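Working through the structure, step by step
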Amino acid sequence: MENNAAKNLNVSTALPACRESVPGLREPHHAPGAEVAEPEREAYSADPSDRSISSLSSSFSSMFQPLSSSSSSSRGSILSLSPPLPPSVELSAIMTDTRLTLDVYLGGAAALPLVWGYDPDHLRGIKYLRLGSEDEPGLDAALDVLPHMTGHRFYDSRGDPLPGLLTSLPDSTSNLSHLKHVDLSFNQLTFMPSCLLQLPALSMLLLCHNHISALPPDLGQLSSLTYLSLMGNKLVSVPPSVGQLKALQRLDVSNNVLQQLPDEIGFLGELVKLELSRNKLKWLPESMGSLVSLRELVIYSNEFRVIPKCLNELPLLTMDVRDNPLGKPPTPPPLPPVPDHPKLPKLHLRFNKHSFFVSSAGCHVFLPGGAELMFPPGCLMTTTKLMWGEKRPNRKWVWLEEHDILLSRPLELRPHGVTFLKPVEVCVPYHRTKRGEVVLRTFDGQTWSTLPTELRRGSEEHCCYPGGRPARLACSSVSHFSWFMAVSRPVRDTCSVTPAGALLVSSSNPGIKLHFPPDSTAQTRTITLQVLQVSEFEVQALCGDPQARVSPLLCLSQTPTSQFLQPVKVQIPLPPGITGHEADVSQLHVLHGDPAAQTWTDITSQVSLYVTHLYAIFYITHFSWYWLWYTTQRCVSGVVRKVYQRLKQFKVQFLVLQRKSDPAQVLLQCLPANKMEGRVQSLSEQYDGPHPSDLCDLLEGEQFFAGFEKGLDIVTDRPDCVEGRLCFVFYSSLKNVKEVYICSAQGQKGPVRGQVSFYRGEIPSNLPEEVAKKRKGLDTQWLATLPLRLPALNSDNSFNMEEFQYPPLNLGDPESGYLTEANLLSISLQIGRDWRVIGINLGMSYEVLDRIQYKHRDNLGALVLDMLFHWARGQRNAGPGSVSRLVAAMTESGRRDLAEEIEDIVSLGRRKYTESLKRVGLEAESSSVGEAQQ
């Protein structure tokens, strides 16, 4: 006699809210989800061949009638079915020969024990049971009956599994010795019920979307299992006993938190499909090379950087490796923060102190301007003299790539040959930047290289301006001294492409992706991707097309530079405001740029461009620059080249100002246009002007000159003076400022109304002609011209100061030495919190000090500066001895260090004055000799 043992088991308890949302659930005569429709029920019950089931109908309905009547009077502990059954119901309405449907009733699970008690023999033939429950007591009662029945499967009334209440199974479930299919998905299981391991015939086990975090170590007991799905759980690992499932053909452990797989997975000789997507796997076991039956391996959205070569040898295997950092080198761990050891000596250097000593105990050195050096204990065997210096940021000491921006002066640390036993941290201060990433570069005497860089703030005690924020530092650990500078560059994404293929996703724009198919290269290549954002307003203005749009610019490079064996798929977002459904594809152009020749070519027809709703996709075989344009006009390479050159240029203005107290002292500066207004405002009180120029275009690192004309001269023995013109190199984040002294040209008498003109210097060979000829005139290199006026000298060779507001703010006199405004500024930066004591010792009243403190209550640096200069201006009519009074005040305030610095400055001034007298005397003597010879 055939054994009607259970074939299917699916347990899922429906929540009330889910069941309430099913339309028509409470209709009195028909419930959606019943397997047989009403016309079929009538025909079925009228069939004379179904007399055995029809004979049960009256008894079955009579059993439910009291339940229905009781439901209308009470819904307490008495079972309640909804909708209530009519007075007479056919058994076929809820049960066929092998199916029983009770999930259309609220509390349907609680009715199962009553049905079982009435006719258990008939229910033993049920092979498919739909049973739902909103209450745990009803579910528990139903589970007690299940081991005595055939299989059962719980679905909602639409046939979909619902999140249920099931947290375990009764031990008696192990008695279902013929059970082959178990689906416990969408429940609250936190472990695999042990009773399932006692089912010898079980071939399919589904435990999807539960809360299982670990599998039993004796999982291998399920020797008949062919399909195991644990998708959507919390598994961290798979037990080694999985290798004992010799019959397993499909294993799905996707959407978990797996970090590794056991080597025993290679014993699954019958495995056909393995799904591992959406985990945290970083590598696969080499033993998987023995899975000769494997046809499909799904490993997308993991952390694989390399695929084992053994898998490439499986001839019938297909892999889905999307969204993995394949080929990308491991991300280096961040530099550990250097602890500020309380016992580590600290050394603060002054501007005139360019050497220091470091012993084996180590030292934390603070350089003027914000730079810091951290020497850990044991980095040197003996006490060593080290030196530092800042280089002028000219092209001799600075190397920039395309679109790089210099953020600091080159810092030289010597001696270059010294070797440290432990890495020394070098921190270079840099200016703020709004684009790109900041890196530290080093020069070994022949080539520049980029160092792993960490960005942080400097120490609070080493702030450049009292009361201000610490400097931004670009830090790196080095083993020897050299030249260092901070640079901003477009964000670089790199990866290594192997013959297995790879995927590179831009970190600045995740919509930009490079797909390297398998066998695209025979050797490992290093790929670099840079993305430049472009303003559509500039593009529209430059090309004259108000409809023009452009995508980000892709800069692709590789090592080695040979072409790829297979086309590389490039995905790039469509230009802003353009969608694939609305755009005219004929107006989309893919431009290829040659960085060496500075040319652009339209290659749209060569790359098989096609678009989706948001992206444009094309295929290339070699790397360079690529740019997607959308324009209603014909795309001309010259227009694209013009726009590209504008990306590298800065709109600048030139500034020429004369100091109000000394008109011979001139400040010359070149600034980006957006910084000009703030700079002019900060200088207006000290300098006469302003006279900003018109807008000009300059490249980062471009050289230009300032020439003085129409009766003006400067000292030509300056090291930055070339053929009578003052040499500049423009760097957008640096000050680009020079202060010079001008005088009347030889033979010029009376007031001078001269000018200073700015000219382009040496033009790069790859600069397009239209950029070089941007300015028209007698000199095609001309940029701007600004006026200068020099008053006439008095009889005592001093300027007529009547038209100037302030006399020179110098303390002392040339014979005894003097302090300039620059000297006072340097001193003010070192006063700090001692300002009030120093002010009192300088003879300033409490009322004045309180007024200064209230005026600058949020800025200590401005407060100290105001206090010192307020006192200095009061010394103009106080007679000689102002410098001595300042030295005495510093000493009385406990700042002997500042007193000594002031004395050194005065001594240096006296020496320079004496030398200048000798030089003037020699010049006079040589002049008279020349006149006599004539």
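Quick summary incoming for the structure in this document.

Backbone hydrogen bonds hold the strands of a sheet together, and the pairing may be parallel or antiparallel. Ordered by their spatial adjacency, five strands build an open sheet running β26-β27-β31-β35-β34, and the pairing between neighbours is antiparallel. The sheet is open, and its two borders are formed by β26 (502–505) and β34 (610–611), each paired with just one other strand. Inspection of the sheet shows β26 paired to strand β27 (residues 513–516) by four bridges, in the antiparallel sense. Residue pairing across strands places V505 opposite K513, the latter belonging to β27.

It is worth spelling out the state of the cysteines at this point. The tally for this structure, following the rule as stated, stands at one disulfide. Two residues share a disulfide in this structure: C427 and C475, whose sulfurs sit 2.4 Å from each other. Taking the torsion about the sulfur-sulfur bond, which here is approximately 115°, the covalent link between C427 and C475 counts as right-handed. On the criterion of sequence distance, the pair formed by C427 in strand β19 (residues 419–429) and C475 in strand β23 (residues 472–480) is long-range, its members being 48 residues apart. Using a relative accessible area of 0% as the deciding quantity, one classes C475 as buried.

The subject of this paragraph is the nonpolar core. Residues L205, L297 and F516 are the most contacted members of the largest nonpolar core, which totals 81 residues. Contacts of L297, omitting those with residues within four sequence positions, involve L274, L276, L284, M288, L311, L317, T318, M319 and D320. The next biggest cluster of nonpolar side chains, apart from the first, holds 59 residues, and it includes C379, I405, V652 and L790.

On to the packing of helix α12 (residues 821–831) against helix α15 (residues 860–873), then. Interhelical geometry of α12 versus α15 gives an angle of 135° and a closest axis separation of 9 Å. Here α12 is positioned oblique relative to α15, judged by the angle of their axes. Between α12 and α15 the crossing geometry is right-handed. Contact with α12, carried on its side by E821, L824, L825, I827, S828 and I831, involves V864, L865, M867, L868, F869 and A872 of α15 and no other residues of that element.

This next bit is on the sheet that holds strand β12 (residues 346–348). Reading across from one edge, β12-β14-β15-β19-β23-β22 is the order of the six strands in this open sheet, with mixed pairing throughout. Edge positions in the open sheet fall to β12 and β22 (454–457), since each of these has one partner strand only. Between one strand axis and the next, the sheet turns through 25° on average, direction left out of account. Note that β22 and β23 share four bridges and pair antiparallel. What sits directly across from L455, in β23, is A474.

Another aspect to go through is the pattern of salt bridges. All told, the structure shown has 23 salt bridges when counted by the stated rule. With a shortest N-O distance of 2.9 Å, R441 and D404 are connected by a salt bridge. Of the two residues, R441 sits in strand β20 (residues 437–443) while D404 sits in the loop between β16 (384–390) and β17 (405–406), which places them 37 residues apart along the sequence. Each member of the pair R441 and D404 is classed as buried. Connected through salt bridges with shared partners, the residues R250, K273, E275 and E296 form a single ionic network.

This part takes up the side chain of E412. Its location among the elements puts E412 in strand β18 (residues 411–414). For E412, a relative accessible area of 9% translates into the label buried. Leave out the neighbours within four places in its chain, and E412 touches M387, W388, G389, K391, S482 and W483.

So, on to the pairing of strand β45 (residues 737–744). Where strand β38 (residues 665–672) lies against β45, five bridges are found, and the strand directions are antiparallel. Bridge pairing links Q665 to Y741 in β45. Across three bridges, the pairing between strand β42 (residues 712–714) and β45 is antiparallel. Bridge pairing in β45 places I714 opposite I742.

Turning our eyes to something else, we now look at the environment of P325. As for its placement among the helices and strands, P325 is situated in the loop between β11 (318–320) and β12. As for P325 and F304, which are separated by 21 residues in sequence, their C-alpha atoms are 6.1 Å apart. With residues up to four places along the chain from it excluded, the contact list for P325 reads N302, E303, F304, R305 and L503.

In this section: the packing of aromatic side chains. In total, this model carries 20 aromatic pairs according to the counting rule given. Here F654 and F758 contribute two aromatic rings whose centre-to-centre distance is 4.3 Å and whose plane-to-plane angle is 15°, an arrangement assigned as stacked. Taken together, the residues F654 in strand β37 (residues 649–659) and F758 in strand β46 (residues 752–760) connect sequence positions 104 residues apart. Residue F758 is classed as buried on the basis of its relative accessible area, which comes to 1%. Site record: aromatic cluster; members linked through ring pairs are W600, W625, W627, W629 and Y644. For R322, the ring lying beneath its charged end belongs to Y300, and the centroid distance is 4.4 Å. Here the basic side chain of K738 rests over the ring of F728, its NZ or CZ set 5.3 Å away from the ring centre.

What counts and what doesn't
- Residues numbered from 1 in each chain as written.
- Predicted model: local features only at pLDDT ≥ 70, side-chain atom pairs only at ≥ 80, totals over all residues.
- Heavy atoms only, no water.
- Pairing = 2+ DSSP bridges.
- Helix = DSSP H or I, 4+ residues; strand = E, 2+ residues; numbered from the N terminus.
- Disulfide = S-S within 2.5 Å.
- Buried < 20%, exposed > 50% of the residue type's maximum accessible area, 1.4 Å probe, protein only.
- Core = buried A, V, L, I, M, F, W, Y, C linked by side-chain atoms within 4.5 Å.
- Contact = heavy atoms within 4.5 Å.
- Axes fitted to C-alpha atoms, helices over the stretch in contact; angles between N-to-C directions.
- Parallel < 35°, antiparallel > 145°, perpendicular 65-115°, else oblique.
- Left-handed = near helix turned anticlockwise from the far one by under 90°.
- Salt bridge = Lys/Arg side-chain N within 4 Å of Asp/Glu carboxyl O.
- Phe/Tyr/Trp six-rings, centres within 6.5 Å; stacked < 30°, edge-to-face > 60°.
- Lys NZ or Arg CZ within 6 Å of the ring centre and 35° of its normal.

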